[in-house]
Amino acid sequence: MNAVLDITTRNLRLFFRDRLGVFFSLLSALVVFLLYTLFLGNLQTEGLGESFPQASSGEIKAFVDSWMFAGILGITSITTALAAMTVFVDDSGSGRFRDFLVSPIQRGKLILGYLLSATLISLIMTGLMLAVSLVYLYAVNGVTLGAAELLRTCGYLALSCVAFAALSAFVVSFIRTAGAYSALSTIVGTVLGFLAGSYIPVGSFPDGVRTFVSALPFMQSSMLVRQEMTADTLPAMTGGQPAATAELQDVFGITAEVGDWQVGTGYVLFSLAAMAVVFTVLATVRISRRIHVRA
């Protein structure tokens, strides 16, 4: 177990030592924040103000901001998990696997160290982003989450971090060069905001695209966080009108439908847990083969 902790600690130090890499792991989240702070936030606020003239500008802004930060948190749990695997790519390209295997480190412990460090990095970065989000929402909008809502949010984010760390480890196990990894990170960072329904609400998509996005785990994991973070701000804006609340939940990806099927919380939790287990196994097999080939 000491070997696993040593490898995990080493990977954490290498990741956080690269400050530019840490920054780029949060770039997609920063893009969403800047888009809504500088441009899209005002458009959303004006549009909702026309639809709900009885709501104050503060109530509308509180909803838009809480929805925005929920999407940012969903994106962060994914991009940071992928960024954490840069250590694996560097070790693979530099031939360090050979050095590890001639040392008294078992291959299974080496693999576990990569997977554990990726999960911890995602948890740490997402946790920090959650803290920033809560401070911003309270300072700017006076919005706070209740204890139950906060606990559920933390639980959903933790499960997302574990699931997407496993998925990232599996995907990166096919990457052999730093250039390919950089290209993958760029592509993921570019399209993820759309796949998670964070750049623009999913209600703005054509029906076919909307159904496709709603069926993906990226959108579904963000949906759970949105439900908790807008639990108070959405009813406050709509005046508690059930029909209006339900419509906005559908438009802003707070709920999701695939065809006539309503995606439930239980299903999302099960699918994320299944992803964590399945992709952990697949990533372990793939990384083991990669290490063997490199050795």
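Details of the structure are given in the entry above.
Given the structure is predicted, the values throughout are model-derived calculations rather than measurements. (Residues numbered from 1 in each chain as written. Predicted model: local features only at pLDDT ≥ 70, side-chain atom pairs only at ≥ 80, totals over all residues. Heavy atoms only, no water.)

A word on the packing of aromatic side chains. If you walk through the whole model with that rule in mind, you get 14 aromatic pairs. Between Trp 261 and Tyr 267, the aromatic rings sit 4.9 Å apart at their centres with planes inclined by 85 degrees, giving edge-to-face as the arrangement. Residue Tyr 267 is classed as partly exposed on the basis of its relative accessible area, which comes to 38%. Cluster of aromatic residues (ring-pair linked, three or more members): Tyr 36, Phe 63, Trp 67 and Phe 252. Directly above the aromatic system of Phe 174 lies the positively charged group of Arg 286, at a separation of 4.1 Å from the ring centroid. (Phe/Tyr/Trp six-rings, centres within 6.5 Å; stacked < 30°, edge-to-face > 60°. Buried < 20%, exposed > 50% of the residue type's maximum accessible area, 1.4 Å probe, protein only. Lys NZ or Arg CZ within 6 Å of the ring centre and 35° of its normal.)

Once that is clear, we can look at a nonpolar patch on the surface. Taken together, the side chains of Leu 20, Phe 23, Phe 24, Leu 27, Leu 30, Val 31, Leu 34, Leu 38 and Phe 39 present a nonpolar region at the surface, about 810 Å² in accessible area. Mapped by element, the contributors of at least two residues to the nonpolar patch are α2 (19-25) and α3 (27-51). No other element matches the six residues that α3 contributes to the nonpolar patch. The residue Phe 23 is located in helix α2 in this model. (Patch = residues over 30% accessible without salt bridge, like charges linked within 9 Å, V, L, I, M, F, W, Y side chains within 5 Å. Areas by Shrake-Rupley, 256 points an atom, 1.4 Å probe, with all protein chains shown as cover. Salt bridge = Lys/Arg side-chain N within 4 Å of Asp/Glu carboxyl O. Helix = DSSP H or I, 4+ residues; strand = E, 2+ residues; numbered from the N terminus.)

With 85 residues, the main nonpolar core has Leu 48, Phe 63, Phe 218, Met 229 and Met 237 as its most contacted residues. With 16 residues, the top contributor of residues to this core is helix α4 (residues 57-84). Aside from chain neighbours lying at most four places away, what touches Leu 48 is Ile 60, Phe 63, Val 64, Met 237, Leu 248 and Phe 252. (Core = buried A, V, L, I, M, F, W, Y, C linked by side-chain atoms within 4.5 Å. Contact = heavy atoms within 4.5 Å.)

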